[in-house]
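Single-letter residue listing:
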Amino acid sequence: MSITVVPAPAVPPRDASVDHAIQAIVSGASTDATCTTDLAAGPWDFDARPGYGPGSSMGDVIPTGAPRQGELPAAYREAGEDELHERIRAAKDTLGDRVVILGHFYQREEVVQHADYVGDSFQLATAAKGRTEAEAIVFCGVHFMAETADLLSRPDQAVVLPNLAAGCSMADMADIDQVEECWEQLEEIFGDLEALDAEGRVPVIPVTYMNSSAAIKGFVGRRGGIVCTSSNARTVLEWAFERGRRVLFFPDQHLGRNTAKAMGVPLDRMPMWNPRRALGGSSADELRDSRVILWHGFCSVHRRFTVEQIDRARVEHPGVRVIVHPECPMEVVDAADEAGSTEYIRRAIDSATEPTTFAIGTEINLVRRLAAQYPQHEIFCLDPVVCPCSTMYRIHPGYLAWVLEELVAGRTPNRITVSDDVADPARVALERMLAAKPPVSAGAR
């Protein structure tokens, strides 16, 4: 008797698209939840309104005068997904090596698929510096990243941000006036902040996270400081402690606290600086005793993650491996199995040799992409509510198609430039950062 073997049905590939997930939620085809149904609309619906747009930062207050995007032509607003992809591909083919597209890990899948390089802010800063043959660098990220690319690229290279409204609420939490005022108040306590003590150290070394404006990076460069990313924060703090008695760390309190705590700095020697209060809300004695002065800033994406979410993941998925980003609150980092940068998270999943369940505490676009790329693992976001980064989500394939076709036509829209008086000291701080490369295993808690 012959036996017919029926092959098992093929498992459909996982859809990495956050937009598809949101559209399914809004249409009722999915029972998942989203933080706002406004995410289903095109970003252009919000370009004329003040605010960061729907998503994790929609409750944050945007500064007056923050950049806004002009109206996107109707041809791009009304085009379907397939048409936009074809237009992007055609424009890229026409431009060839004259353009390079950089895509941050947190960008939506429909944009990332067209990027020449995909990475975190540290990797993309390096990539921007290395593509000297390109006439234009299209940065699919947020404003401070495009500024950084302009700082590190050739003067004749144009850096283009597809949507000028793609800012960063964390970066906006430390503006140059506030930081200058903080520095003046610290001078009243410590005296000359450039004076060396008997061990050759200054009273305070400023360290700014990459998520800051070019003006802040310039401030840091002029005052002997350095920039860091989540990939090299520990390496940078070690660099700073060799040169200063204490560090002023901004704008993200959580990355500063988590990194310094892992290095053995006691919590009671990490006072918070609230720019709206005299001496940041601390006493002069507390500041004198400090090792790290933390700015009162945070990432609205990573503030969504909680210890309760980790506890639930461990109950529902015994043996789960929990990895979170160090921008998460300290209690979340402490409760996780590991904490590290976006690249650290990607490498951890890539190097897992056995099928593993991962609960990840970082932006949903990256988590869904990893789940699609590594189907042998079960990978899910700790936050069950679909709530992408508001400003990263402002970059839509419609804007990418528009800027590329403008470049084909010989026009350069949305060019990001940094004035020389800011750029020169900012480059100094960035070059210090690029020289402070972390060890390969950096990022583990």
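The protein carries the name Quinolinate synthase in an unreviewed UniProt entry, which gives Microbacterium algeriense as its organism. The Pathway (unreviewed entry) field of the UniProt record for the protein holds the comment "Cofactor biosynthesis; NAD(+) biosynthesis; quinolinate from iminoaspartate: step 1/1."

Novice: Tell me about the state of the cysteines, and name the residues and values.
Specialist: On inspection of all chains with the given rule, the structure shows 1 disulfide. For cysteine 35, the disulfide goes to cysteine 387, at an S-S distance of 2.2 Å. On the S-S bond that ties cysteine 35 to cysteine 387, the torsion sits near 85°, and the link is right-handed. Residue cysteine 35 is found in the loop between strand E1 (33-34) and helix H2 (74-77), and its partner cysteine 387 is found in the loop between strand E15 (385-386) and helix H17 (397-408); the two are separated by 352 residues along the sequence. What makes cysteine 35 partly exposed here is its relative accessible area of 23%. Cysteine 389 provides the cysteine sulfur closest to cysteine 140, a residue in no disulfide bond, and the two sulfurs are 14 Å apart. Summary of cysteine pairing: cysteine 328 is not part of a disulfide, and the nearest cysteine sulfur, belonging to cysteine 299, is at 8.1 Å. Judged by its relative accessible area of 0%, cysteine 328 is buried.

Novice: An account of the pattern of salt bridges is requested, with residue identities and associated values reported.
Specialist: Scanning the model with the defined rule gives 24 salt bridges in all. One salt bridge connects arginine 304 with aspartate 383, and the closest N-O pair in it is separated by 2.7 Å. One end of the pair, arginine 304, is in the loop between strand E10 (292-295) and helix H13 (307-316); the other, aspartate 383, is in the loop between strand E14 (378-381) and E15, and 79 residues separate them in sequence. Exposure remark for arginine 304: the relative accessible area of 27% places this residue in the partly exposed category. Across the pair arginine 346 and glutamate 343 runs a salt bridge, and its minimum N-O distance is 2.8 Å. Within this pair, arginine 346 and its partner glutamate 343 are both found in helix H15 (residues 342-350), separated by 3 residues, close to a single helical turn. Taking relative accessible area as the criterion, arginine 346 reaches 24% and is therefore assigned partly exposed. What makes glutamate 343 buried here is its relative accessible area of 11%. Here the residues in one salt-bridge network are Glu83, Arg87 and Glu405, joined through shared partners.

Novice: Describe the sheet that holds E10, and please don't skip the residues or the numbers.
Specialist: The strand order across the open sheet formed by 5 strands is E7-E6-E8-E10-E9, and the pairing between neighbours is parallel. Since the sheet does not close on itself, it has two edges, and those belong to strand E7 (226-228) and strand E9 (272-273), each with one partner. Where strand E6 (residues 202-209) meets E7, 3 bridges bridge the pair, whose relative direction is parallel. Residue pairing across strands places valine 207 opposite isoleucine 226, the latter belonging to E7. Lying on the sheet, helix H9 (residues 214-222) is in contact with E6, E7 and strand E8 (244-250); it crosses E6 at an angle near 155°.

Novice: Break down the pairing of strand E4 (residues 136-140) for me, with residues and values.
Specialist: Burial runs high along E4: 5 of the 5 residues are buried. Burial of the side chains of E4 extends over both faces: Ala136, Val138 and Cys140 are buried on one face and Ile137 and Phe139 on the other. One ladder, built from 5 bridges, connects strand E2 (residues 99-104) with E4; its direction is parallel. Directly across from leucine 102, in E4, lies its bridge partner phenylalanine 139. Two elements, E4 and strand E5 (residues 158-160), share 3 bridges in a ladder whose sense is parallel. Its bridge partner lying in E5, alanine 136 is registered against alanine 158.

Novice: Quick one: what's the story with helix H18 (residues 420-435), residue by residue and with numbers?
Specialist: The end-to-end C-alpha separation of H18 is 22 Å, in line with the 22 Å expected for 16 residues at 1.5 Å each. Buried within H18 we find Val422, Ala423, Pro425, Ala426, Ala429, Leu430, Met433 and Leu434. Where the residues of H18 are buried, they touch helix H5 (121-130), helix H6 (143-152), H9 and E7.

Novice: Describe the confidence of the model for the protein, listing the residues and the values that go with them.
Specialist: Detailed conclusions should not be drawn from predicted coordinates in areas where pLDDT is low. Taken residue by residue, the protein gives an average pLDDT of 93. The fraction at 70 or more is 95%. Taken together, the stretch residues 1-11 has pLDDT below 50 and engages in 0 contacts with residues farther than four places along the chain or on a different chain. Here residues 441-445 scores under 50 on pLDDT; set against residues more than four positions off or in separate chains, the count is 16 contacts.

Novice: If you had to explain the UniProt feature "binding site: iminosuccinate" (unreviewed entry) in the protein to someone new, which residues and values would you point to?
Specialist: The sites that UniProt annotates as "binding site: iminosuccinate" (unreviewed entry) are His104, Ser121, Tyr209, Met210, Asn211, Ser230, His325, Pro326, Glu327 and Thr342. The annotated residues contributing to the lining of the largest cavity are His104, Ser121, Tyr209, Asn211, Ser230, His325, Glu327 and Thr342. In this structure, histidine 104 sits in strand E2. Residue class for histidine 104 comes out buried when judged on its relative accessible area of 5%. Histidine 104 has contacts with Val112, Gly119, Asp120, Ser121, Leu124, Cys140, Met145 and Met392, leaving out every residue within four places of it along the chain. At 3.0 Å, the side chain of histidine 104 forms a polar contact with the backbone nitrogen of tyrosine 106. Mapped onto the fold, histidine 325 is located in the loop between strand E11 (321-324) and helix H14 (330-335). Look past the residues within four positions of histidine 325 in its chain and what remains in contact with it is Tyr106, Tyr209, Ser230, His302, Val333, Gly340, Ser341, Thr342, Ile345, Gly361 and Thr362.

Novice: Just give me the short version of the UniProt feature "binding site: [4Fe-4S] cluster" (unreviewed entry) in the protein, but keep the residues and values in it.
Specialist: As annotated in UniProt, the feature "binding site: [4Fe-4S] cluster" (unreviewed entry) corresponds to Cys168, Cys299 and Cys389 in the numbering used here. Look at the named residues: they lie 222 residues apart in sequence, but the longest C-alpha span between them is just 9.3 Å, so in the fold they bunch up. Within the annotated group, the residues that form the lining of the largest cavity are Cys168, Cys299 and Cys389. The topology assignment puts cysteine 168 in the loop between E5 and helix H7 (169-172). Not counting the four nearest positions on each side in its chain, cysteine 168 is found in contact with Tyr52, Val142, Phe144, Asn211 and Thr391. Among the secondary structure elements, cysteine 389 is positioned in the loop between E15 and H17.

About the cut-offs
Going along each chain's sequence as written, the residues are numbered from 1 onward. Only residues with pLDDT of at least 70 are given local features in this predicted model, and only at 80 or more are side-chain atom pairs given and counted; all residues enter the totals for whole chains, interfaces and linings. Derived side-chain values reflect all non-hydrogen atoms in the structure, with water molecules and hydrogen atoms excluded from consideration. UniProt positions are given in the numbering used here, feature names are shortened, and annotations may be inferred rather than shown by experiment. When the sulfur atoms of two cysteines come within 2.5 Å, that pair is taken as a disulfide. Runs of E in the DSSP output that reach at least two residues are strands. Runs of H or I that reach at least four are helices, and both are numbered from the N terminus. Partly exposed residues are those whose accessible area sits between 20% and 50% of the maximum for their type, while under 20% is buried and over 50% is exposed, using a 1.4 Å probe and protein chains only. By salt bridge we mean one thing: a side-chain nitrogen of Lys or Arg within 4 Å of a carboxyl oxygen of Asp or Glu. Being paired, for any two strands, means DSSP has found at least two bridges between them. It only takes one pair of heavy atoms within 4.5 Å for two residues to be counted as in contact. As a rule, the C-alpha atoms of each element are fitted with a line to give its axis, helices using only the stretch in contact, and angles between N-to-C directions run from 0 to 180 degrees. To estimate how far a helix should reach, multiply one less than its number of residues by 1.5 Å. How sure the predictor is of each residue is captured by pLDDT, a score from 0 to 100. Think of a 1 Å grid over just the protein atoms. A cavity is a set of points where a 1.4 Å probe fits yet cannot get out, a pocket is an open set with protein on both sides within 12 Å along at least five of seven lines, and lining residues have an atom within 4 Å of a point. Polar contacts, as counted here, are pairs of nitrogen or oxygen atoms within 3.5 Å of one another; within protein the pair requires one atom able to donate a hydrogen and one able to accept it, and residues that are adjacent in sequence qualify only if both atoms are side-chain atoms.

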